[in-house]
Amino acid sequence: MRIGTLSAVFLGLLLAFPVTGFAKDNEAEESGKKFDPNEMIMHHVKDAHEFHIIDINDKPISLPLPIILWTENGLTTFMSSAFHHDDSGEVIVEKDGGKFVKVHEKIYQLNEGSTSVEFDDKHHPVNASKPLDISITRNVFMMWVSVLVLLFVFISAARVYKKSENKIPIGIAGFVEPLIVFVRDDIAKPMIGEHKYKRYMPYLLTIFFFIWINNIFGLIPILNGANLSGNIAFTCTLAVFTFIITTFSGNKNYWKHIFWMPGVPVPMKIFLMPIELIGIFTKPISLMIRLFANITAGHIIILALMSLIFIFETVWVSPISVAFSLFITIIEIVVTAIQAYIFTILSALYFGMATEEEHH
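Source: prediction; values computed, not measured.

1. Some points on the overall build of the protein
Moving on, step 1. The number of helices and strands found in the protein is ten helices and nine strands.
Moving on, step 2. Long-range contacts, defined as pairs at least 24 residues apart, comprise 58% of the intrachain contacts of the protein with a sequence gap of at least 6.
Moving on, step 3. Of the accessible surface of the protein, which amounts to about 20500 Å², a share of 68% is contributed by carbon and sulfur atoms.

Here it is in structure tokens:
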């Protein structure tokens, strides 16, 4: 009975996604403005300076986040609520001698003497400049939350082992141990080797759980869950870490296969050298794009399916849209773990290639 109740609550949250996400777009359509699915989808998948929850009686309910800017006058801070949910540049915030506007979730500072923002043909501000934006955005906030969740999980599991005399995992440790053993036995050992895998386990465990938990947070509709893995900067940073570890782990045999391939004629060695050298950089690039594209694609598909209701302007499409959206959402739950697994196993594979000894 309890499992059935939890399932009902979870499905209710999933179905709440289109209700909260499309509330503002529905109001825009009622006011006579043509529905733009591209604008709506891009608005939902990109980062934001606040958590928009829902609109009640034309009043948006949201959780504001701090805006932190470095300008010519120094550090400027204020809450995102000062923009009053405006994303068109109409609301001007005056702070520390500067005037700031928000256009398409980007903060601009108006030039001295300007009283309003002016746009070019592509709707880009022409009388404003972009200060250094180090604000606590939605993605940054949820990344910190994921770190706290992971610290709580692993510290709690460690305490269980510390208190247990026979080291039997119970409670949260019983959930964590099979996953750790899976990463060790099915990823690290086969890809890196029995004698070298231990030094890479901390990193492999970190990226596996870090990517997985953030992918899960991206599916939570409440608070308009942040799409962290759908941010190219996030996936790029993880790929750079894998690239650095692989490069510094490379042994003599690894570099010899790149710059002077053994066992092939000299002309072929010269031909293969630039190709192998390019391959060093294409590996992390593929890691970055694969995670970013797969997670972003899932969100775009769900939003596109829900957009059909407003594109065709009929409720008869809603059963099909909701059914397929729910189906894709369930698939996305599986994809959250699959993408964490793929990123981890490919990183381990690159480490194994860099540390493989020469065969005689």
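2. Concerning a nonpolar patch on the surface
Moving on, step 1. A cluster of nonpolar side chains, namely F259, W260, V266, I270, M273, L277, F281, I285 and I289, defines an oily patch on the protein surface of about 790 Å² accessible area.
Moving on, step 2. Tallying contributions element by element places helix α9 (residues 266–312) first for the nonpolar patch, with seven residues.
Moving on, step 3. Structurally, W260 is set in the loop between α8 (252–259) and α9.

3. Topic: unusual backbone geometry
Trans is the common state for peptide bonds, and a negative phi is the common state for residues other than glycine.
Moving on, step 1. One non-glycine residue, H104, adopts positive backbone phi at about 55°.
Moving on, step 2. Tracing the backbone shows H104 in the loop between β6 (98–103) and β7 (106–110).
Moving on, step 3. The class of H104 is partly exposed, set by a relative accessible area of 39%.
Moving on, step 4. One non-glycine residue, E105, lies in the positive phi region at around 65°.
Moving on, step 5. In this fold, E105 is placed in the loop between β6 and β7.
Moving on, step 6. Accessibility expressed as a relative area gives 11% for E105, which makes it buried.

4. A short note on the sheet that holds strand β4 (residues 74–79)
Moving on, step 1. Pairing is antiparallel in the open sheet, where three strands are placed in the order β4-β3-β9. The open sheet has two edge strands, β4 and β9 (132–133), and neither has a second partner.
Moving on, step 2. With six bridges joining them, strand β3 (residues 66–71) and β4 adopt antiparallel strand pairing. The residue of β4 that forms the bridge with L69 is T76.

5. Remarks on the side chain of T242
Moving on, step 1. The residue T242 is located in helix α7 (residues 232–249) in this model.
Moving on, step 2. Each residue touching T242, except ones within four places of it in the same chain, is listed here: Y203, L287, F343, S347, Y350 and F351.

6. What about the pattern of salt bridges?
Moving on, step 1. Taken as a whole and assessed by the stated rule, the structure comprises three salt bridges.
Moving on, step 2. Close ionic contact of R184 with D185 constitutes a salt bridge, the shortest N to O distance being 2.8 Å.
Moving on, step 3. Overall, the relative accessible area of 30% leaves R184 in the partly exposed class.
Moving on, step 4. K189 is the partner of D185 in a salt bridge, and the nearest nitrogen-oxygen pair spans 3.6 Å.

7. Comments concerning the confidence of the model for the protein
Moving on, step 1. On average, residues of the protein score 82 in pLDDT, and 89% of them reach the 70 mark or higher.
Moving on, step 2. Note on residues 1–31: pLDDT is under 50 here. Beyond four places in sequence and across chains, it has 34 contacts.

8. Focus on α9
Moving on, step 1. Here α9 spans 64 Å end to end across 47 residues, near enough to the 69 Å set by a 1.5 Å rise per residue.
Moving on, step 2. I280 marks the point of greatest bend in α9, at about 30°, and the proline P284 comes within the next four residues.
Moving on, step 3. Two residues or fewer past α9, E313 is found with a positive phi of approximately 55°.

9. Examining the pairing of strand β1 (residues 50–56)
Side-chain direction in a regular strand flips from residue to residue, so the side chains alternate between the two faces of the sheet.
Moving on, step 1. In this sheet, strand β2 (residues 59–64) lies alongside β1 in antiparallel orientation, the contact comprising six bridges. Following the sheet pairing, E50 is matched in β2 by P64.
Moving on, step 2. The hairpin turn running from β1 into β2, its antiparallel successor, is two residues long, and N57 in that turn takes a positive phi close to 55°.

10. Regarding the sheet that holds strand β5 (residues 93–95)
Moving on, step 1. Taking strand neighbours across the sheet as the criterion, the four strands line up as β5-β6-β7-β8 in an open arrangement whose pairing is antiparallel. The open sheet is flanked by β5 and β8 (128–129), the only strands paired with a single partner.
Moving on, step 2. Of the strand pairs in this sheet, β6 and β7 are connected by four bridges, and their pairing is antiparallel. For K102, the partnering residue across the bridge sits in β7 and is I107.

11. A short note on the environment of I280
Moving on, step 1. For I280, the position within the fold is in helix α9.
Moving on, step 2. Put simply, I280 and F243 are 37 residues apart on the chain and 8.1 Å apart in space, counted from C-alpha to C-alpha.
Moving on, step 3. I280 has contacts with F243, Y254, W255 and I258, leaving out every residue within four places of it along the chain.

The rules behind each value
- Residues numbered from 1 in each chain as written.
- Predicted model: local features only at pLDDT ≥ 70, side-chain atom pairs only at ≥ 80, totals over all residues.
- Heavy atoms only, no water.
- Helix = DSSP H or I, 4+ residues; strand = E, 2+ residues; numbered from the N terminus.
- Contact = heavy atoms within 4.5 Å.
- Areas by Shrake-Rupley, 256 points an atom, 1.4 Å probe, with all protein chains shown as cover.
- Patch = residues over 30% accessible without salt bridge, like charges linked within 9 Å, V, L, I, M, F, W, Y side chains within 5 Å.
- Salt bridge = Lys/Arg side-chain N within 4 Å of Asp/Glu carboxyl O.
- Buried < 20%, exposed > 50% of the residue type's maximum accessible area, 1.4 Å probe, protein only.
- Pairing = 2+ DSSP bridges.
- pLDDT = per-residue confidence, 0-100.
- Expected span 1.5 Å × (residues − 1).
- Bend = angle between axes of the 7 residues up to and from the residue.

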